[in-house]
Amino acid sequence: MIKTNYYSSNIDLMNHFKKFINWKEIIESYEDNFSDFLEYQESGNDKLSNAPSNLEEAISYYESILDSAGDICGNIVSENVSTMDKIGARYENGKVTLPKELVSSYNKMKEAGLIPYGIQRKYGGLGVPFVVRALLGEILYRVDTSFAIAVGCANLAEILERSASEEMKNEWIPKLANAEYVCSMGLTEPNYGSDLPNITTKATEDSSGKWVLNGTKRFITQASGVGDIPSIILTLARTGGAGARGLSFFLVQSKDVQIAGIEKKLGLHASPTCEVVLENTPGLLIGEKGFGLIKYTMNMLNGARMGIASQGVGMAQAALEEAKIFAKSRIQFGKPISEIPAIKSMLRKIEREIIAMRLLMIEGGRAVDLYYWRGEQLKKKGMNEKDISKDEKIKYFQKLADFLTPTSKFYCAEMANEVIYDALQVHGGSGFTEDYDISRIYRDARITTIYDGTSQIQVMAAIGTIITGMNENGQLRKFLDDLILEFNPTSLLKKIYEEFKIIVPIFKSIEPTQIRESFNKDLVETTARIICSILFEKTSNLLEGVEKSERLSQAKEYELDTIALLYGNKEKWKLIIE
Ligand SMILES: Cc1cc2nc3c(=O)[nH]c(=O)nc-3n(C[C@H](O)[C@H](O)[C@H](O)COP(=O)(O)OP(=O)(O)OC[C@H]3O[C@@H](n4cnc5c(N)ncnc54)[C@H](O)[C@@H]3O)c2cc1C
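Position labels on residues start from 1 in each chain and follow its written sequence. Only residues with pLDDT of at least 70 get local features here, since the model is predicted, and only at 80 or more are side-chain atom pairs given and counted; chain-wide, interface and lining totals rely on the full set of residues.

Considering the overall build of the protein chain
Argument step 1. Looking only at helices and strands, the protein chain has 21 helices and 11 strands in total.
Argument step 2. The dimensions of the protein chain, computed from C-alpha atoms along their principal axes, are 70 × 55 × 55 Å.
Argument step 3. Each residue is classified by how many other C-beta atoms fall within 10 Å of its C-beta atom, where C-beta atoms are placed from the backbone; a count of 20 or more means buried, 12 or fewer means exposed, and values in between mean partly exposed. Put simply, the protein chain has 578 residues, and 49% of those count as buried.
Argument step 4. This entry defines residue contacts through backbone-placed C-beta atoms, with two residues in contact when those atoms are within 7 Å. Put simply, of all contacts in the protein chain between residues at least 6 apart along the chain, 77% involve residues at least 24 apart. Working definition: helices are DSSP H or I runs of at least four residues, strands are E runs of at least two. Numbering for both runs from the N terminus.

Put into structure tokens, the structure is as follows:
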């Protein structure tokens, strides 16, 4: 892997941080008038000592985290990843052992205090908004997915922050922030993956109000912990009748379960994917009974899905850098292959697709920041949940986040696989050998379209918003109209947007429904590309000089690919209707 700071060497990422992101709106929503700092002044609570006191301090605090993670990932962990992958996670006599290189890489992040990035300061976390978490995720996943998952899993604590009782929060979240425990998601079962409403693991309550769980969970990442650090498994189990309403959410400790084995996998060799047997295993009920799937798991998965969008961007960036270096040094026909038009155009495509993916990932993070933290602020002021949900700004950005989350998970995962395929192609036969990092990146990327909800499930979650949202007064239409009004779009972009408004009604008129549904993926992909096209031009206009004209020309190439997809779909759907 390339050895460099994965933050400061990434110009597009830095441009987002320094020029594109509207920090004022994010910080107003997240820092709540710098309430952590004010509380620190009053109480002297050590956990709040790093809280920023103004806008500039907040920006520089967030950037220092990215820079420090970029340095550790790029300059230290990058040296370990090939060995981690070759050794892999091992299972013997009921015990999982991870490669020592993974554990030492994890410990580097722990020593630097970078593990609890998704945990609030009051519990000992770093306290950063979702946009920063998205950028940080990109940096972590760029170096290695098994490592990034190990580091990231403590941050599932966020769901405890949202849903657990005060007592449970105060007991467990600090332990996760201190890396005394890691966290894992116990959802999937041998017979139920996408079909979570029908899982069968059962939780029963005894007369003293204590819960025990029985059942088997499959594919549970990190259920065995990291090195000597145990895990808490956030487990979905049935407490009532059939379907989603009969499911509740429990905190289970890894010491109380049996790890029956780990999977032998195509990729993520250093990440343990565990079969977990629960036999009269004690569990603590999280939140209210009956909301396990419809509220807590969905909230947890939404966070995880934004993480997969970051994974797609980070892995694609890693593949691009590997391909660029290879193409410069590989000589064929007397010149570096980077000078051959077919290779040049592949590298250029990878680069512009990564720019687009990053834009979508950040827009998703922004939408979550603008609704979620505003809701938390109103809660602190004593407003009840019902009134909070009526707040116009919250309603708007929550709906947008609910759409952008599956859309960016779907698009970044699918596109990462497409461009990593090209990056391997640039390597020729060498890319197919284990001598080059690209083969590991290629294997590891394959899971992005599958876990935390497959691409097909993301499409199902996103399609409704496009169909209703593009009506005359629909929310998606308003979002896109407002975006395009923020700058002076090129005639190509205007044309693309007009065409998009035309194809949605054509799509809607495809009958019967079953046939229309078979094109859902095409419409979600097209919509993602429309959003990216607009954001691509908008942000390029914030640059100056050569940098601006170069990025605008990449935006144009991206738009040309988008209009080809649009026209293709339009003609196909028109022919079906006729
Ligand atoms: C490496 C790895 C790590 C994982 N980590 C975790 C973890 O930490 N915790 C956890 O709980 N789970 C984890 N999983 C499980 C993962 O989330 C599931 O594999 C995934 O949700 C898909 O479920 P499945 O494998 O049962 O596939 P299935 O649900 O059987 O799907 C098979 C195919 O059918 C399609 N399909 C199914 N239903 C529909 C539908 N209604 N509409 C359209 N298409 C549909 C799917 O898209 C897919 O293409 C992990 C899996 C792997 C491989």
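Now that the structure is up, let's keep going.
Brief notes about the site of the ligand
Argument step 1. Using a C-beta atom placed from the backbone, a residue is described as near a molecule or strand when that atom lies within 6 Å of it. What surrounds the ligand is a group of 22 residues, the closest being Leu187, Gly193, Ser194, Thr221 and Thr454.
Argument step 2. Taken together, the elements giving at least two residues each to the shell around the ligand come down to strand S3 (182-186), strand S5 (211-221) and helix H16 (455-469).
Argument step 3. All amino acids are sorted into three groups, where Ala, Val, Leu, Ile, Met, Phe, Trp, Tyr, Cys and Pro are nonpolar, Asp, Glu, Lys and Arg are charged, and the leftover types, Gly among them, are polar. Considered class by class, the residues forming the shell around the ligand number 10 nonpolar, 10 polar and 2 charged.
Argument step 4. Boundaries of every domain are those given by an automatic assignment or by a domain database. Two domains share the shell around the ligand, each providing at least three of its residues, namely domain 2 (181-290) and domain 3 (292-453).

Remarks on the nonpolar core
Among soluble globular proteins, nonpolar side chains are generally buried collectively.
Argument step 1. Membership of the largest hydrophobic core comes to 174 residues, with the highest contact counts inside it found for Ala316, Ala319 and Ile420.
Argument step 2. Among the elements that make up this core, the one with the highest residue count is helix H11 (residues 292-329) (17 residues).
Argument step 3. Non-local contacts of Ile420, meaning those with residues more than four positions away in its chain, are made with Met315, Ala316, Ala319, Ile441, Tyr442 and Ala445. Working definition: the nonpolar core is a set of buried Ala, Val, Leu, Ile, Met, Phe, Trp, Tyr and Cys residues, joined through C-beta atoms within 7 Å.

With respect to the domain arrangement of the protein chain
Argument step 1. With domains assigned, the protein chain is organised as domain 1 (1-175), domain 2 (181-290), domain 3 (292-453) and domain 4 (457-577).
Argument step 2. Taking only C-alpha atoms into account, the centre of domain 1 sits 17 Å from that of domain 3.
Argument step 3. If you look at the interface, domain 1 gives 32 residues, while domain 3 gives 30 residues.
Argument step 4. Those elements giving two or more residues to the side of domain 1 that touches domain 3 turn out to be helix H1 (11-20), helix H2 (23-31), helix H5 (81-87), helix H7 (130-143), helix H8 (145-152) and helix H9 (157-163).
Argument step 5. Of all the elements, H7 adds the most residues to the side of domain 1 that touches domain 3, at 10 residues.

Remarks on helix H10 (residues 166-177)
One turn of an α-helix holds 3.6 residues; hence residues three or four places apart share an orientation.
Argument step 1. What a helix should span is 1.5 Å times the count of its residues minus one. For H10, built from 12 residues, the straight-helix expectation of 16 Å at 1.5 Å per residue is met to within 8% by its first-to-last C-alpha distance of 16 Å.
Argument step 2. Within H10, burial applies to Trp172, Ile173, Leu176 and Ala177. Along the axis of H10, the buried residues cluster in a sector spanning 135°; they form a single face. What points out from H10, more than 90 degrees from its buried face, is the exposed set Glu167 and Asn170.
Argument step 3. Count one or two residues on from H10 and you reach Ala179, which has phi positive near 60°. Here, the arc refers to the directions that run from the helix axis to the C-beta atoms.

Brief notes about the environment of Asp435
Argument step 1. Mapped onto the elements, Asp435 comes out in the loop between helix H14 (392-426) and helix H15 (437-445).
Argument step 2. Overall, Asp435 belongs to the exposed group, with 11 C-beta atoms counted inside 10 Å.
Argument step 3. Once the C-alpha coordinates of Asp435 and Gly246 are considered, the two residues, 189 residues apart in sequence, prove to be 50 Å apart.

Remarks on the pairing of strand S7 (residues 247-253)
Argument step 1. Buried residues dominate S7, accounting for 6 of its 7 residues.
Argument step 2. Strand direction decides the pairing type here: strand S6 (residues 231-238) and S7, joined by 7 bridges, are antiparallel. Bridge assignment links Leu234 to a residue of S7, and that residue is Leu251.
Argument step 3. Bridge analysis of S7 against strand S9 (residues 273-286) gives 3 bridges, and the strand direction is antiparallel. Along S9, the bridge assignment pairs Phe250 with Leu285. Two strands qualify as a pair provided that DSSP identifies no fewer than 2 bridges between them.

Observations regarding the packing of helix H20 (residues 520-540) against helix H21 (residues 545-577)
Argument step 1. The N-to-C vectors of H20 and H21 enclose an angle of 160°; their axes lie 9 Å apart at closest approach. Here H20 lies roughly antiparallel to H21, going by the angle between them. For the pair H20 and H21, the crossing hand works out as left-handed. Across the interface between the two elements, Asp522, Thr526, Arg529, Ile530, Cys532, Ser533, Phe536, Glu537 and Ser540 of H20 pack against Lys548, Arg551, Leu552, Ala555, Tyr558, Glu559, Thr562, Leu565, Leu566 and Asn569 of H21. Structural elements are reduced to axes, namely lines fitted to C-alpha atoms, with helices fitted over the stretch in contact, and the angle between N-to-C directions of any two is expressed from 0 to 180 degrees. Working definition: roughly parallel below 35 degrees, roughly antiparallel above 145 degrees, roughly perpendicular at 65 to 115 degrees, and oblique for all remaining angles. By convention the crossing between two helices is left-handed if the near helix lies anticlockwise of the far one by an angle smaller than a right angle, and right-handed if it lies clockwise.

Description of the environment of Ser64
Argument step 1. By secondary structure assignment, the location of Ser64 is in helix H4 (residues 55-76).
Argument step 2. Since 11 C-beta atoms lie within 10 Å of it, Ser64 is described here as exposed.
Argument step 3. Each C-alpha atom, one on Ser64 and one on Thr539, is 23 Å from the other, the two residues being 475 residues apart in sequence.

What about unusual backbone geometry?
Argument step 1. Here Glu511 and Pro512 are connected by a cis peptide whose omega angle stands at -10°.
Argument step 2. You can see Pro512 is positioned in the loop between helix H18 (491-508) and helix H19 (513-517).
Argument step 3. Even without being a glycine, Asn33 presents a positive backbone phi close to 55°.
Argument step 4. Looking at the element boundaries, Asn33 is found in the loop between H2 and helix H3 (35-43).
Argument step 5. Of the residues examined, Asn33 has 10 C-beta atoms within 10 Å and is grouped as exposed.

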